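# Structure at a glance
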Amino acid sequence: MVKKGIYLFITLMFFSCEIEGKFTRYQAQEQFVIDPDDELVQLYAGTFVPTAGISVTGEAKIYQQGTTRFVSLENFSISNAPDLKVYLSTTAAPDTFVNLGNLTAATTYTIPTQVDLTVYTYVLIHCQQYNHLYAIANLN
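A few points on the structure. Throughout this document, residue positions are counted from 1 along each chain, in the order its sequence is written. Owing to the predicted nature of the model, reporting of local features is limited to residues with pLDDT of at least 70; listing and counting of side-chain atom pairs is limited to 80 or more, with chain, interface and lining totals taken over all residues. Hydrogens and water are ignored here; the side-chain numbers use all heavy atoms of the structure.

### Examining the overall build of the protein chain
Secondary structure assignment for the protein chain yields 1 helix and 8 strands. Reading the helices (α) and strands (β) of the protein chain from amino to carboxyl end gives α-β-β-β-β-β-β-β-β. The proportion of buried residues among the 140 residues of the protein chain is 37%. By definition in these notes, contact holds between two residues if any of their heavy atoms fall within 4.5 Å. Long-range contacts, defined here as pairs at least 24 residues apart, represent 60% of the contacts in the protein chain between residues at least 6 apart. Areas reported as accessible are Shrake-Rupley estimates using a 1.4 Å probe. Residue values count occlusion only from the protein chains shown. Accessible area of the protein chain: about 8400 Å², with a carbon and sulfur share of 57%. Comment: elements are numbered from the N terminus, with helices defined as DSSP H or I runs of at least four residues and strands as E runs of at least two. Exposure categories follow from relative accessible area, calculated using a 1.4 Å probe and restricted to protein chains: below 20% of the type maximum is buried, above 50% is exposed, and the middle band is partly exposed.

In structure tokens, the structure reads:
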């Protein structure tokens, strides 16, 4: 009986992993480097709010420099987890989103030019492997 329980648990863990979706199949873009000689304009900002059981601090800010727009994570820290992604989303859930890349020590993520920031008004930190939302920043 115990063996069946262990096999069931392992099987559930294996099938709970999220399959790479159409928004996450591409390689993450190179991180944007801020040019100190070009004017930097802040467009939006939001404070991260954690989901249950998660610890997070910091803000997401969207800047524009020339024609390049990017998300900057400022004063940011989050609970450790595997496979964390930075998403721009239309809602506070990872339903319709653009994957900006893996959450790394880099704190800036380039926004593709076709993304309409009046529609994509949330920055999400999401664990893709376990399909778990970690943090939400509503951009104003």
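Back to the text.
### Remarks on the environment of Cys127
On the secondary structure map, Cys127 appears in strand 7 (residues 122-127). By relative accessible area, Cys127 is classed as buried at 1%. With 45 residues separating them in the primary sequence, Cys127 and Pro82 have C-alpha atoms 6.7 Å apart. Once residues lying within four places of it in the same chain are set aside, the contact partners of Cys127 are Pro82, Asp83, Leu84, His132 and Tyr134.

### What to know about the sheet that holds strand 2 (residues 56-65)
Pairing within the open sheet is antiparallel, and its 8 strands lie in the order 5-4-7-8-1-2-3-6. Looking at which strands have only one partner, the edges of the open sheet turn out to be strand 5 (97-102) and strand 6 (108-111). Going from strand to strand, the sheet's axes swing by 25° on average, the running direction of each strand aside. Strand direction decides the pairing type here: strand 2 and strand 3 (residues 68-78), joined by 9 bridges, are antiparallel. In the strand pairing of strand 3, Tyr63 is matched with Phe70. If DSSP finds at least two bridges between two strands, the strands pair. Every angle, taken between N-to-C directions, lies between 0 and 180 degrees, and every axis is a line fitted to C-alpha atoms, over only the stretch in contact when it is a helix.

Keep in mind these numbers describe shape, not what the thing actually does.
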